[in-house]
Amino acid sequence: MGIVEEAHNLRVVGEGKRGVIVLAHGFGTDQSVWKHLVPHLVADYRVVLFDTMGAGPTNPDYFDFARYATLEGYALDLLAILQELGVASCIYVGHSVSAVIGVLASISRPDLFSKLVLLSASPRYLNDVDYYGGFEQEELDELFEAIRSNYKAWCSGFAPLCVGGDLESVAVQEFSRTLFNIRPDIALSVAQTIFQSDVRSLLSLVTVPCHIVQSTKDLAVPVVVSEYLHKHLGGDSIVEVMPSEGHLPQLSSPDIVTPVLLRHIQHDIAF
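Residues numbered from 1 in each chain as written. Predicted model: local features only at pLDDT ≥ 70, side-chain atom pairs only at ≥ 80, totals over all residues. Heavy atoms only, no water.

The name given to the chain in an unreviewed UniProt entry is AB hydrolase-1 domain-containing protein, with Brachypodium distachyon as the source organism. Heading Sequence similarities (unreviewed entry) of the UniProt record for the chain holds this comment: "Belongs to the AB hydrolase superfamily." (UniProt positions renumbered as here; feature names shortened; annotations may be inferred.)

Draft legend 1. Spotlight on the pairing of strand 2 (residues 20–24). Where burial is concerned, most of strand 2 is hidden: five out of the five residues are buried. Along strand 2, one buried face is formed by Val20, Val22 and Ala24 and the opposite face, lined by Ile21 and Leu23, is buried too. Direction of pairing for strand 2 relative to strand 3 (residues 46–49): parallel, over a ladder of four bridges. Each bridged residue has a counterpart across the sheet, and for Ile21 the counterpart in strand 3 is Val47. (Buried < 20%, exposed > 50% of the residue type's maximum accessible area, 1.4 Å probe, protein only. Helix = DSSP H or I, 4+ residues; strand = E, 2+ residues; numbered from the N terminus. Pairing = 2+ DSSP bridges.)

Draft legend 2. Structural detail: a negative patch on the surface. On the surface, a cluster of negative charge is made up of Glu136, Glu138, Glu139, Asp141 and Glu142. Tracing the backbone through its elements, the reader meets Glu139 in helix 4 (residues 137–149). Given a relative accessible area of 40%, Glu139 falls into the partly exposed group. (Patch = residues over 30% accessible without salt bridge, like charges linked within 9 Å, V, L, I, M, F, W, Y side chains within 5 Å. Areas by Shrake-Rupley, 256 points an atom, 1.4 Å probe, with all protein chains shown as cover. Salt bridge = Lys/Arg side-chain N within 4 Å of Asp/Glu carboxyl O. Lys, Arg positive; Asp, Glu negative; His and termini not counted. Charge placed at Lys NZ, Arg CZ, Asp CG, Glu CD.)

Draft legend 3. Structural view of the packing of aromatic side chains. Evaluation of the coordinates by the stated rule reveals 11 aromatic pairs. Aromatic side chains Phe135 and Phe195 sit 5.6 Å apart centroid to centroid with 70° between the ring planes, which places their arrangement in the edge-to-face category. One end of the pair, Phe135, is in the loop between strand 5 (113–119) and helix 4; the other, Phe195, is in helix 7 (residues 184–195), with 60 residues separating them in the sequence. These aromatic residues form a ring-pair network of at least three members: Tyr151, Trp154, Phe158, Phe175 and Phe180. Positioned above the aromatic ring of Tyr131 is the side chain of Arg200, whose terminal nitrogen or guanidinium carbon lies 5.0 Å from the ring centre. (Phe/Tyr/Trp six-rings, centres within 6.5 Å; stacked < 30°, edge-to-face > 60°. Lys NZ or Arg CZ within 6 Å of the ring centre and 35° of its normal.)

Draft legend 4. Inspection of the side chain of Thr52 at higher detail. Secondary-structure assignment places Thr52 in the loop between strand 3 and helix 2 (72–85). Ignoring any residue separated from it by four or fewer positions in sequence, one finds Thr52 in contact with His8, His25, Thr58 and Ser98. (Contact = heavy atoms within 4.5 Å.)

See the structure below:
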């Protein structure tokens, strides 16, 4: 087993002949978040699943705080995974921060991506002049302090807010589990990297077709952000806003999200 394969718990499932699909999870989850989608893909595609560095199932000894202080470190990981597997072209489905990681990787190597499906993506979470990201700096500072002071308590409060459900729901319990599996100091570092990121200036460099998929109500990403992406991405793009709630709709509303994702995966939209 190679270092890339071991570090990211890399798995390839399915023997389909329609190509390769890469599924990349967001903060607080791991590759298990795609459990509702994968069964619909394996007959037609080779499906690549992995854990981003710092996720609960990964070895914390591999987490380089300097490397992952920016999203570029994760984009380099993604390119290394594709190289390890000998992937010449793929459909990339990225959730939350991994949507942006895919965007960055596609700027460096557009030849490796036939399309990007961006679920709950944001180029910047902080509000700015003429830009609404959803958060003020004071709110983010409070979030970071809550993680720092009592990570378990923060997880218990953040999970239902993020998912959009009560504590007893299966989706909230699942997200709570994967969130709490992250080492607290790593969780803080990753959260700071994500929520302080700003890739708006790079969007015009994206040439790969992008399918932007967004929930109607999302604690982390306002709907206007999906329109911002659509307007500023350099290549062709399309937006679909789903009647789902929460930042993890593939967990909380799989009956709504799975058909939408499958449609965007399987069909190129006439732009």
